[in-house]
Amino acid sequence: LHDPFLMKDMQKAVDRIKTAISQSEKILVFGDYDVDGTTAVATMYQFIAKIHHPENVEFYIPHRYREGYGISKMGIDYAADNNFTLIISLDCGIKSADLIAYASTLGIDFIVCDHHLPDKELPKAVAILNPKQIDCNYPYKELCGCGVGFKLITALAQQYGIHEENYFCYLDLLAVAIAADIVPMTGENWIMTYYGLIQI
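Within each chain, residue numbers correspond to sequence positions counted from 1 in written order. Only residues with pLDDT of at least 70 are given local features in this predicted model, and only at 80 or more are side-chain atom pairs given and counted; all residues enter the totals for whole chains, interfaces and linings. As a rule here, side-chain values cover all heavy atoms of the structure and leave hydrogens and water aside.

(A) Spotlight on the overall build of the protein chain. Elements are defined by DSSP. Helices are runs of H or I of four residues or more, strands are runs of E of two residues or more, and each kind is numbered from the N terminus. Assigned secondary structure in the protein chain consists of eight helices and five strands. What you see in the protein chain, going N to C, is helices and strands ordered as α-β-α-β-α-β-α-β-β-α-α-α-α. For this measure, only C-alpha atoms enter the radius of gyration; the expected value for a globule follows 2.2 Å times N^0.38, where N is the number of residues. For the protein chain, the C-alpha radius of gyration of 15 Å lies close to 16 Å, the compact-globule estimate for 200 residues. Principal-axis analysis of the C-alpha atoms gives the protein chain an extent of 45 × 35 × 35 Å.

(B) Representation of the packing of helix α2 (residues 35-51) against helix α5 (residues 145-160). Note on definitions: angles span 0 to 180 degrees between N-to-C directions of axes, and those axes are lines fitted to C-alpha atoms, for helices only across the stretch in contact. Put simply, α2 and α5 touch, their axes get as near as 8 Å, and they point 15 degrees apart. Viewed along their axes, α2 and α5 adopt a mutual orientation that is roughly parallel. Considering only the axes of α2 and α5, their crossing is left-handed. When α2 is examined against α5, the residues Asp 36, Thr 39, Ala 40, Thr 43, Met 44, Phe 47, Ile 48 and Ile 51 are found in contact with a partner set consisting of Gly 145, Cys 146, Gly 149, Leu 152, Ile 153, Leu 156, Ala 157 and Tyr 160. Here the word oblique covers every angle except those under 35 degrees (roughly parallel), over 145 (roughly antiparallel) and from 65 to 115 (roughly perpendicular). If you view the pair so one helix is near and one far, a crossing is left-handed when the near helix is turned anticlockwise from the far one by less than a right angle, and right-handed when it is turned clockwise. Residues are treated as being in contact if the distance between any of their heavy atoms lies within 4.5 Å.

(C) How the structure looks around the sheet that holds strand β2 (residues 57-60). One open sheet holds the five strands; their spatial order is β2-β1-β3-β4-β5, and the pairing between them is parallel. Strands with a single pairing partner mark the edges of an open sheet, and in this sheet they are β2 and β5 (127-129). Neighbour to neighbour, the strand axes of the sheet diverge by 20 degrees on average, direction disregarded. Any two strands between which DSSP finds at least two bridges are classified as paired.

(D) View of the pattern of salt bridges. The salt bridge criterion pairs a side-chain nitrogen of Lys or Arg with a carboxyl oxygen of Asp or Glu, the two atoms within 4 Å. Within this structure, the stated rule accounts for seven salt bridges. Between Arg 16 and Glu 25 there is a salt bridge, with its nearest N and O atoms 2.8 Å apart. For the residue pair Arg 16 and Glu 25, the accessibility class agrees, reading buried in each case. Arg 16 is the salt-bridge partner of Asp 109, the closest N and O atoms lying 2.8 Å from each other. One end of the pair, Asp 109, is in strand β4 (residues 109-113); the other, Arg 16, is in helix α1 (residues 10-22), and 93 residues separate them in sequence. The buried label goes to any residue with under 20% of its type's maximum accessible area, the exposed label to any with over 50%, and the partly exposed label to all in between, with areas taken from a 1.4 Å probe on protein chains only. Overall, the relative accessible area of 27% leaves Asp 109 in the partly exposed class. Take Arg 16: its relative accessible area is 12%, and that puts it in the buried class. Each of the salt bridges in this network shares a partner with another, and the network as a whole consists of Arg 16, Glu 25 and Asp 109.

(E) Representation of α5 in the model. One less than the residue count of a helix, multiplied by 1.5 Å, gives the span that helix is expected to have. Its 16 residues give α5 an end-to-end C-alpha distance of 23 Å, which sits within 8% of 22 Å, the value for a rise of 1.5 Å per residue. Counting buried positions along α5 gives 13 out of 16 residues, so the element sits mostly inside the fold. Directly after α5, the chain includes Gly 161, whose backbone phi takes a positive value near 70 degrees.

(F) Geometry of the packing of helix α7 (residues 171-180) against helix α8 (residues 187-199). Contact geometry for α7 and α8: axes closest at 7 Å, N-to-C directions at 125 degrees. When the axis of α7 is compared with that of α8, the two are oblique. Seen along the crossing, α7 lies across α8 with a hand that is left-handed. Residues Leu 171, Asp 172, Leu 174, Ala 175 and Ile 178 of α7 form the contact with α8, whose participating residues are Asn 189, Met 192, Thr 193, Tyr 195, Gly 196, Leu 197 and Gln 199. When residues are sorted by character, Ala, Val, Leu, Ile, Met, Phe, Trp, Tyr, Cys and Pro go into the nonpolar class, Asp, Glu, Lys and Arg into the charged class, and all the rest, Gly among them, into the polar class. In the contact of α7 with α8, the residues fall into seven nonpolar, four polar and one charged.

Below, the structure is given as structure tokens:
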């Protein structure tokens, strides 16, 4: 597997999460309602709860019919009403420049983990993790949303000196995400699915 720090903005994302943890900020893990999004939220939420006080971590899945796909104003308002200062979005956010700008007016920072093709205008997030960005040198471009989140978890584990068994335990969920989101079964996706299926 490739070094997660080859991905553009990875160090920025790790540094912002480390700051949130050291200052006891509340972190909201936000993901889409499909399989890729929910598995990404499940893995990120569980891992952040291992390194942060569990009371300061929550997750949010937008309602498919009331809120629709991607970042929602209702989700941001929920974060503001409950004193969250950092949102980690998974499998969504790359096309949500207006909503992320709205969040910043409420004092909420965003880390975007996404794999969809970016528009010309990128959201003004603290960090955008997406290997499909033109200026991202990450060697493998076909990760699913859960895969991008897994790379962030890997980077955090490296920074905190956490043993790999504490994030390889999520390879089963990651394999399900790769299959359900129909990303190419090549490169890292092939490797992670292989070991994820063994775990399943």
